[in-house]
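Report on the structure
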Amino acid sequence: MTHILPALLRAGLLLMVFALLSRCQNGVTAVDQTAEPPDIPKTVALPPLPPPTRPFTYETPTESSAWMGTNPNSINGRPIGPVSAAESSILRVEVRRDYGGSIQIYDKVSNQALINFYDMGRESGMASYGGPRSFADDSPRWKNIGYNPLQAGDDGFNPSPILVHGIVNGWIYTKAQCLSWAHQDARRLPFFYEQWVGVDSNKVHVKVRLTHQRPDKTFYNVEEQEWPMMMISGHRRVHFYTGSRPYQHDLTTVSDGIERSIGSMATQQSTPFYLTEPWEGVEIAPDRLIGLYSPGFFRANYNVAALTPSPDNSEGSLTLTYVGNRPMVHLDSDNIWHKDYTYILGSEQDIRQYVYAQPRQMVPDFTFNKAGGRNGWFIQDGGYDQQEPFSSDDWRVMFTGKTENGVTNARGTKLISTTGSWPASQSGTLYIRMAYTGPPGAPAQVPLRLAWLLNGQEPNGFNSQYPDQNRTRFPRGIRGPDDQYVPLVVQNDGQMHTYKLTMTGHPAWKDVVQQFEIAHNYSPAFVAPGEVLTLRYFGTHDPGQ
């Protein structure tokens, strides 16, 4: 870990990686295995889903209704319990009450339940993280993991309570109050998880609304989310695309997550990397995968956990294959997030055909206002803002810096964009409309820089002891600190200015751009805290003066 540890600490990811690995490996070992779950009694007839072109309105039931039936099978000696279900000729989906509304998908073609239900920390969906990291220090096993509301339940096998359940326009609706995963006492968090689940042939569509109502209004550091993720039972191969020709059916990468440079049973690390097509797929049978698609699924992860000598693909198996979207998000105390994602069963071509048909953003285009807030951008290494939802337009960020060895330095503080898949050839000129106010003593013009990340690059550094992993995830290697930026000289007058940056012709402006950073230059080594950056627009369209 000698090379990757500093980078992970800088990004604030180390504990999240540990949490995922631990969550995948701990739990009860006795598993009741059933090859095929019985048919679930259907006491309520499901109306058909609305046509895909119909706008989704997040409609909720006027009152709770009874669950459709009971799944009598057990996992780890625990009955699965009440469920509601929907199905097509290809798949059946169960929404499980005693797992916080978590989803099981049963593939009728390969005759298997796919999602792993080994404990309450697996399943699929949206796992969220916030500060402070000391939040769970009173838990039995999860010191320093922080604030981690989870849909399924907690480390003590307590399920997140379902507050409302019903059927709305063909969607199975649940509203759960998330428990703190780290604790074992059914500790409810002020984090509410609404979910709409619908089946459409070989696809399961999921809409999610996360509502946070936390009394603690502190601005906490950004954390890595799992929005969404899925844990598939057994050790399986993962398909994804990181190349320079997205949406053209170019050759994908396929990995089994094994680091053969170390040994045949050595698993690769949970190191995030960057996709240029927003999906990952897990093999479940010959030429058959379960794919996970979500808009913005460009900062990804996959890994295999808890390998055992004897293969086990049952839904209660110890071994699992994980894939997930891992955006960096400030989990603000009073925010609402709307997310959607889709599971697709079929060939790799089937998955890509569906993904290619979805709307996508081909150029960076971000307006920071009340409606869009940060637009997925975040503050790294020392700063705060007005928190989402914004009460007025513009993103106003105060750089406070980090304190090390008794010195508070803002040189490393930066603003980082959400991830995307933007062909460099379509974004020859960028515009930034922003205001800048420097700390006392700052000159009239202040040199900043705009850096970017290309597909196939690692932004900070990786562990050289995992060469198979590094070749697979980062074929370009580590981004160089000195050759991938353009100068951004800003006026220190607190007024809005539009800065035009010509990217065409830069030798490192090529292929697919995945992320941007507004940061200080590497020299001088010290920058006093107290800068205020106010962003109004970033993208390819000239916002004018």
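Everything discussed here concerns the structure shown above.
Our subject in this report is the structure included herewith.

Parameters and conventions
- Residues numbered from 1 in each chain as written.
- Predicted model: local features only at pLDDT ≥ 70, side-chain atom pairs only at ≥ 80, totals over all residues.
- Heavy atoms only, no water.
- Pairing = 2+ DSSP bridges.
- Helix = DSSP H or I, 4+ residues; strand = E, 2+ residues; numbered from the N terminus.
- Salt bridge = Lys/Arg side-chain N within 4 Å of Asp/Glu carboxyl O.
- 1 Å grid on protein atoms, 1.4 Å probe; cavity = no way out; pocket = protein on both sides within 12 Å on 5 of 7 lines; lining within 4 Å.
- Points joined across faces, edges and corners; volume = space filled by probe spheres on them.
- Nonpolar A, V, L, I, M, F, W, Y, C, P; charged D, E, K, R; others polar.
- Core = buried A, V, L, I, M, F, W, Y, C linked by side-chain atoms within 4.5 Å.
- Buried < 20%, exposed > 50% of the residue type's maximum accessible area, 1.4 Å probe, protein only.
- Contact = heavy atoms within 4.5 Å.

1. Thoughts on the sheet that holds strand β1 (residues 69-75)
What the 5 strands build is an open sheet, ordered β1-β2-β3-β4-β5; its pairing is antiparallel. Of all the strands in the sheet, the pair left with one neighbour each is β1 and β5 (112-113). Alignment of β1 against strand β2 (residues 78-87), held across 5 bridges, turns out to be antiparallel. Across the sheet, I75 pairs through a bridge with R78, a residue of β2.

2. Let's talk about the sheet that holds strand β6 (residues 124-127)
Taken together, 5 strands build an open sheet; the order of strands is β6-β13-β20-β19-β16 and the sheet is antiparallel. Here the strands that pair on one side only, and so sit at the sheet edges, are β6 and β16 (273-274). Note: strand β13 (residues 226-233) against strand β20 (residues 320-325), 5 bridges, orientation antiparallel. The residue bridging M230 from the neighbouring strand is V323, located in β20.

3. Considerations on the pattern of salt bridges
Counted by the stated rule, this structure contains 28 salt bridges. For D138, the salt bridge goes to R187, with nearest N and O atoms at 2.9 Å. Here R187 lies in the loop between β9 (171-180) and β10 (188-200) and D138 lies in the loop between β6 and β7 (149-150), a separation of 49 residues in the sequence. A salt bridge links D155 to R141; the nearest nitrogen and oxygen atoms lie 2.5 Å apart. Note that D155 is positioned in the loop between β7 and β8 (162-168) and R141 in the loop between β6 and β7, a separation of 14 residues in sequence. Each of the salt bridges in this network shares a partner with another, and the network as a whole consists of D332, R374, D385 and E388.

4. Concerning empty space enclosed by the protein
A full pass over the atoms with the stated rule returns 4 cavities of 30 Å³ or more. Residue lining of the second largest cavity: 15 residues in total, with R214, T218, Y220, L331 and D332 positioned closest to the centre. Looking at side-chain class alone, the lining of the second largest cavity contains 4 nonpolar, 8 polar and 3 charged residues.

5. Focus on the nonpolar core
Core analysis: the biggest nonpolar cluster contains 60 residues, and I105, M230, I290 and Y343 have the highest contact counts within it. Take this core: its biggest share by element is 5 residues, from β10. In this view, I105 contacts R92, V93, Q112, A113, L114, I115, V204, I290, Y343 and L345; residues no more than four positions away in its chain are not counted. Core analysis: the second largest hydrophobic core is formed by 35 residues, W452, L454, V486 and V513 among them.

Any link to function would need more than the numbers given here.
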